[in-house]
Each structure stands twice: as structure tokens, then as C-alpha cells.
Amino acid sequence: MLKVASLGSGSKGNATLIATEKATVMVDCGFTLKETLKRLERLEVAPSSVDAILVTHEHQDHISGVGPLSRKFDIPVWSTKGSLLSGKCGKLKNYSIIEGFQGFEIGDIDILPISVPHDAREPCQYLFSAHQKRLAVLTDLGSYTPEIVETLQDCHGLLLECNHDEEMLWNGPYPYSLKQRVGGPLGHMSNNQAIKLLQQVISQNLELLIASHISEQNNCPDLVKKTVAEAAGWPPERVFIAEQDEGFGWFELTKN
Ligand SMILES: [Zn+2]
Ligand SMILES: [Zn+2]
């Protein structure tokens, strides 16, 4: 069994949990310590049971809580050199350096960092494999590469960034420079980009699809559900949304 839950997702903070019966890892922590503990409690996870924090990149909404949580509960941090050198984690007692597409293990979970195009020093996202299930967590990428498409083939669960609707972004209130950043190849995935990627990786295996890192200004959850479901050939209620405040509760990948 491989399961996933979210403490919250969006530009105000991100943290995702991936767990088996034996191991629990957290991807990013972009919340204050107090907020993180509150959200962990909601998911019935004791902070001391988290075996590792994996960093995707050094933007505040992903890293601001990593140092405090790691220090308070002595949780080891795994990060690329670039993200670590940003200094945003503060002093860490317990950390390991990882590299894009170089796999490692935490307990019974195999983890592959996926290098992604994003405007950070050495950003990566992650593919998790355990008990014949593969789950990818993919946020904060402005475009996708052939390596990403190849890595995501046949996965069973996919957390996919659907940041903005292109029309809403370009007609919206952001300053032009910010529109260019968000909509550019090192920014964030639009709904359109997300479904193009989805269509290249979807297979019979896919049982869980969660849209994440949705912009509050430039997107709308119902539009995301409809667009992604249509691309997957699924009914809209089969597509889930990772919300900023609520995240989402535990989903298990169990289908054989
Ligand atoms: Zn982000
Ligand atoms: Zn980012």
C-alpha cells in the first residue's frame, strides 16, 4: 500500500505526505511550525513519525517550515545541493544531498528526484515507488521535458500542477512581469500544459489524479476538474483538488 495526503497546496504553502505501513515522508514544508503541527494533527500524523523531509526547491511556499520542523523533531532533510545552498533551511543537523534522476530509499519507499524547469537553483520533484505502486508529485514546473514524460509513464497516482488558466492569467490583475514569470518556461504549469502532459503519460494504471498548486487569482477549481477530467476521459468527480487551506485527506493506491 502506498498512500498520499496533503497539508495544503498553493502559493501560500505546500506540504505533501507519502506513506506506507513502514515509512512516512514529507515533500516540502511551506507552513509555519505551528500551522504544520495543526495540519499534521488533522491527518492524524505525529510529527515524530515523519522519517524524512524532501525539499523540491527553495521558494518560500515550499521551504519556509523545513528548517524549524527538522530541528524541532530531528527529522532528516533530503535536498539537492542547489536548494540547500540557498540557505533557506537555516542550520540543519541532519541532511543528505540528492541529485536529479539519482534514486534513493527511505524505508520501503524508492524515491526518484525528477529535475524540472523552474526558476530556482536546482529544483526537482519526486516519483515514489513501493509495493508495485508508483506515485508522482509534480508541482512548480514551467514546462516539461522528455525525461519527465518518460519518468511518469504508467504511474498509478499523479499529483499534477494545474497552476493557471492561460486566459485568466494574461487577462488578470498580475503585473506584466509577473505574468511573464508565471506563464514562462521556468514558471508554473497552466491547465493546458498539464493536460498535454497528462495525455502523454496516462495509462490503464492511473487510478488517482489530483490537481495541485492551483492559483487563487488565475484559476478556478471547477474549471480544473472539468478540463483535467475531460483530458483523462474520466468523470469530473474522479479528479481531486489539493486545496490551499484543506489540502486533502489520505488516498490509498490499492487497485490491482
Ligand atoms: Zn510553489
Ligand atoms: Zn516555486
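Quick caveat: nothing in here was measured; it's all calculated off a predicted structure.

A. Representation of the side chain of Ser-83 within the structure. With respect to the helices and strands, the residue Ser-83 is situated in helix H4 (residues 81–85). Owing to a relative accessible area of 1%, Ser-83 belongs among the buried residues under this scheme. The contacts of Ser-83, once residues within four sequence positions are left out, are Val-55, Thr-56, His-57, Glu-58, Ile-63 and Glu-122.

B. Spatial organisation of the environment of Leu-223. With respect to the helices and strands, Leu-223 occurs in helix H9 (residues 221–232). Classification of Leu-223 as partly exposed rests on a relative accessible area of 29%.

C. Structural view of the UniProt feature "domain: Metallo-beta-lactamase" (unreviewed entry) in the protein. Mapped onto the present numbering, the UniProt feature "domain: Metallo-beta-lactamase" (unreviewed entry) falls at residues 12–164. Strand forms 31% of residues 12–164 and helix 22%; the C-alpha atoms that close the span are 15 Å apart.

D. Main features of the coordination of the zinc ion (ligand 2). Donor atoms from the polypeptide that coordinate the zinc ion (ligand 2) comprise His-57 (NE2), His-59 (ND1), His-118 (NE2) and Asp-140 (OD), at 2.1 to 2.4 Å from the metal. Around the zinc ion (ligand 2), the 4 donor atoms sit at angles spanning 92 to 168°, and that spread fits a shape best called irregular. Mapping the donors of the zinc ion (ligand 2) onto the primary sequence gives the spacing H-x1-H-x58-H-x21-D. Separation of the zinc ion (ligand 2) from the zinc ion (ligand 1) amounts to 3.6 Å, with Asp-140 serving as a shared donor to the pair. Linking His-59 in the loop between strand S4 (52–54) and helix H2 (60–63) with His-118 in the loop between strand S8 (109–115) and strand S9 (124–130), this pair joins segments that are 59 residues apart in sequence.

About the criteria used
Residues numbered from 1 in each chain as written. Chains lettered and ligands numbered in written order. Predicted model: local features only at pLDDT ≥ 70, side-chain atom pairs only at ≥ 80, totals over all residues. Heavy atoms only, no water. Helix = DSSP H or I, 4+ residues; strand = E, 2+ residues; numbered from the N terminus. Buried < 20%, exposed > 50% of the residue type's maximum accessible area, 1.4 Å probe, protein only. Contact = heavy atoms within 4.5 Å. UniProt positions renumbered as here; feature names shortened; annotations may be inferred. Donors = N, O, S within 2.8 Å, 3.2 Å for Na, K, Ca; no water. Tetrahedral: all angles 85-135°; square planar, octahedral: opposite > 155°, others 65-115°.

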